[in-house]
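Residue-level listing of the chains:
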Amino acid sequence: MTLVAGVDSSTQSCKVVVADAETGEIARVGQAPHPDGTEVDPAAWQAALEKAIAAAGGLDDVAALGIGGQQHGMVCLSADGEVVRPALLWNDTRSAGAADELVAELGGPGAWAEAVGSVPVASFTVTKLRWLARHEPEAAARTASVCLPHDYLTWKLTGELTTDRGDASGTGYWSPADGEYRPDLLELALGRVPAVPRLLAPAEPAGRTASGVLVSAGTGDNMAAALGLGIRPGDVVVSLGTSGTVFAVAESSCADPSGEVAGFADATGRFLPLVCTLNAARVLDAAARLLGVGHEELSRLALSAPPGADGLALVPYLEGERTPNRPDATGAVHGLRLDNATPAHLARAAVEGMLCGLADGLESLLRQGVRADRVLLIGGAARSDAVRRIAPTVFGRPVLVPPAGEYVAEGAAVQAAWSLSETSEPPCWERPGLTTYEADPYPALRERYAEARDHVLNRWV
Ligand SMILES: Nc1ncnc2c1ncn2[C@@H]1O[C@H](COP(=O)(O)OP(=O)(O)O)[C@@H](O)[C@H]1O
Ligand SMILES: O=C(CO)[C@@H](O)[C@H](O)COP(=O)(O)O
């Protein structure tokens, strides 16, 4: 039996799975936490990766490894390969002003959608480079090359600075439609063109570790999840991790001038239209903290309240929001009355509010012509029974839930096996059984959320 390993170096932690390269059967797993915060020293990701690999039994019997990583993070390297400053992550919103500048300078959102398939907001790497040039000119001057979190870890393993089309498509300076970098946009942002990772073909190896383990190209976490689930056109994935994402695999590229849908590339040569919210699983973390309960009790409370929480509506912009682009917004609770001022109603409103943000994202995808024959629900918050049972009410359609698993890491392992086999398409591993959750739609809930979502305060200055 040949074993491969896959990694999910995500916002909150690093997860590793070791699997059979032919069947995908999981043999071992490991995990290690990441530091909190929206800027992180990449050395912390490397330390967590080493711990998670050790927890997964090491790589001595593994033939290939792939790295899936949180998208967009700006990793700046000096000429001698030192990290110039902590990486700004996808959920850092300090470059929101820089994003507005760049959008205006290129000629508006439509120009960016045409150039790179997406309209940059603070999450995108290109806006972080502009912020660096304006606010940390010395660090900008020392930046010889810029890469992404998964590129950094792959580089540390192989000595090669490479990337893949999936993660490159989230930078704001690589075009999914053309398959090329846009050095003009790098120069617009930073004032000069730094070195960028060499782009690898989907199954092209990045190199080998010192001990000889083959390392695949790696990719962004959502692209890896699509691989891990084996989704096809017609499938839509709702991922409820630190970020909330709604995405699908498409045969052609997308360019949404509204900026709601990011026109990313996937890890196989196709495309990955995606909507991302800053707020997802941590909305439920916050609600549990407010109520002084754990996730199981929060779920029980939420299910004990009626759909719509008797008019209590929670707007989940706890970290600002990316879609809609409200980087300075805060969360809000509306419709509070004596009869709905209960822990159960607040728990229900938190689940419904979080899901409504993703339901808006699903509608944005549909407006771009994406087919949603099936909606799959994954991510940490999908472990919640309340989330699984309430999601069909909010989405107005059934949701299919695979067994709790690390589908980003499994997708990275699929890519590792693909790099070993060098076949034209990735290996088709046996997919887990899906549990269907159905419920009566409750349109008034979405109408109530639409009434509430614009009535929020900006963060306290
Ligand atoms: N049973 C649960 N109910 C609700 N949230 C949960 C549950 N289990 C884990 N979570 C939350 O899921 C999040 C981690 O999900 P994960 O997909 O691993 O995030 P990421 O990949 O972004 O690091 C954490 O915020 C955690 O609190
Ligand atoms: O920014 C995006 C997608 O555009 C996020 O999906 C990040 O890739 C973070 O992912 P998680 O840590 O939430 O898995």
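Here the structure is a predicted model, which means the values were calculated and not measured.

A. Fine view of the UniProt feature "active site" (unreviewed entry) in the chain. What UniProt calls "active site" (unreviewed entry) maps, in this numbering, to D221. Overall, the relative accessible area of 14% leaves D221 in the buried class. Excluding residues within four positions of it along the chain, D221 makes contact with D8, G69, Q70, Q71 and V408.

B. Here's a closer look at the UniProt feature "site: Important for activity" (unreviewed entry) in the chain. UniProt feature "site: Important for activity" (unreviewed entry): in the numbering of this structure it lies at D8. Relative to the elements of secondary structure, D8 occurs in strand 1 (residues 3–9). Residues contacting D8, with those up to four places away along its chain left out, are S13, C14, K15, G68, D221, E406, V408 and A409.

C. Main features of the site of ligand 2. Every one of the 15 residues lining ligand 2 counts as a neighbour, but T11, H72, D221, S243 and R322 are closest to it. Q71 places a main-chain nitrogen or oxygen 2.9 Å from an oxygen atom of ligand 2. In this structure, an oxygen atom belonging to ligand 2 sits 3.5 Å away from a main-chain N or O atom of T242. Computed on the free molecule, ligand 2 has an accessible area of 370 Å², of which 95% lies beneath the protein chains in the complex. Its residues placed into classes, the shell around ligand 2 shows 4 nonpolar, 9 polar and 2 charged.

D. Representation of the packing of aromatic side chains in the model. Taken as a whole and assessed by the stated rule, the structure comprises 3 aromatic pairs. Taking 5.9 Å as the distance between ring centres and 55 degrees as the angle between the ring planes, the aromatic pair formed by Y152 and W155 counts as tilted. In this pair, Y152 and W155 both sit in helix 6 (residues 149–158), 3 residues apart, roughly one turn of the helix. Overall, Y152 belongs to the buried group, its relative accessible area being 3%. Arranged with centres 6.4 Å apart and planes meeting at 25 degrees, the rings of Y173 and Y181 form a pair that is stacked. Classification of Y181 as partly exposed rests on a relative accessible area of 21%. Lying across the ring of W131, R94 places its NZ or CZ 5.2 Å from the centre. Residue placement shows R165 over the ring face of F271; its charged tip is 5.2 Å from the ring centre.

E. Region of interest: the environment of S9. Along the chain, the position of S9 falls in strand 1. A sequence separation of 43 residues divides S9 from A52, and the C-alpha atoms of the two residues are 9.9 Å apart. If we ignore the near neighbours within four places in the chain, the residues touching S9 are C14, H34, W45, G68, G69, Q70 and L153.

F. Representation of the pairing of strand 2 (residues 13–20) in the model. Where burial is concerned, most of strand 2 is hidden: 8 out of the 8 residues are buried. With 7 bridges connecting them, strand 1 and strand 2 associate as antiparallel partners. The residue of strand 2 that forms the bridge with A5 is V18. Turn length for the strand 1-strand 2 hairpin, with the two strands adjacent in sequence and antiparallel, is 3 residues. Bridging between strand 2 and strand 3 (residues 26–33) involves 7 bridges; their strand directions are antiparallel. Paired with V16 across the two strands is G30, which belongs to strand 3. Joining the antiparallel neighbours strand 2 and strand 3 is a turn of 5 residues, in which G24 adopts a positive phi near 85 degrees.

G. Up close: the site of ligand 1. The environment of ligand 1 is formed by 15 residues, the closest being S10, K15, T242, D285 and G380. The contact in question runs from an oxygen atom of ligand 1 to an N or O atom on the side chain of H295, over 3.4 Å. Taking 580 Å² as the accessible area of ligand 1 by itself, protein coverage stands at 77%.

H. Just the packing of helix 12 (residues 343–367) against helix 13 (residues 385–395), in detail. The N-to-C vectors of helix 12 and helix 13 enclose an angle of 50 degrees; their axes lie 9 Å apart at closest approach. Relative to helix 13, helix 12 is oriented oblique. In this structure, helix 12 crosses over helix 13, and the sense of that crossing is right-handed. Between helix 12 and helix 13, the contacting residues are R348, V351, E352, M354, L355, C356, L358, A359 and L362 on the first element and A386, V387, I390, A391, V394 and F395 on the second. Looking at the contact of helix 12 with helix 13 residue by residue, the classes come out as 13 nonpolar, no polar and 2 charged.

I. Unusual backbone geometry, seen in detail. Cis geometry marks the peptide bond from T323 to P324, where omega comes out at 10 degrees. Here P324 shows up in the loop between strand 20 (313–315) and strand 21 (332–334). Located in the positive-phi region is H72, a residue other than glycine, with phi close to 75 degrees. Summarising the element assignment, H72 is placed in the loop between strand 5 (62–69) and strand 6 (75–77). Phi is positive for D310, which is not a glycine, with a value near 50 degrees. Within the element layout of this structure, D310 appears in the loop between helix 11 (295–304) and strand 20.

J. Local environment of the side chain of R388. Structurally, the position occupied by R388 is in helix 13. No salt bridge is formed by the buried R388; the nearest opposite charge belongs to D385, separated by 5.9 Å.

What counts and how
Residues numbered from 1 in each chain as written. Chains lettered and ligands numbered in written order. Predicted model: local features only at pLDDT ≥ 70, side-chain atom pairs only at ≥ 80, totals over all residues. Heavy atoms only, no water. UniProt positions renumbered as here; feature names shortened; annotations may be inferred. Buried < 20%, exposed > 50% of the residue type's maximum accessible area, 1.4 Å probe, protein only. Contact = heavy atoms within 4.5 Å. Helix = DSSP H or I, 4+ residues; strand = E, 2+ residues; numbered from the N terminus. Near = heavy atom within 4 Å. Polar contact = N/O pair within 3.5 Å; in protein donor to acceptor, adjacent residues only side chain to side chain. Areas by Shrake-Rupley, 256 points an atom, 1.4 Å probe, with all protein chains shown as cover. Nonpolar A, V, L, I, M, F, W, Y, C, P; charged D, E, K, R; others polar. Phe/Tyr/Trp six-rings, centres within 6.5 Å; stacked < 30°, edge-to-face > 60°. Lys NZ or Arg CZ within 6 Å of the ring centre and 35° of its normal. Pairing = 2+ DSSP bridges. Axes fitted to C-alpha atoms, helices over the stretch in contact; angles between N-to-C directions. Parallel < 35°, antiparallel > 145°, perpendicular 65-115°, else oblique. Left-handed = near helix turned anticlockwise from the far one by under 90°. Lys, Arg positive; Asp, Glu negative; His and termini not counted. Salt bridge = Lys/Arg side-chain N within 4 Å of Asp/Glu carboxyl O.

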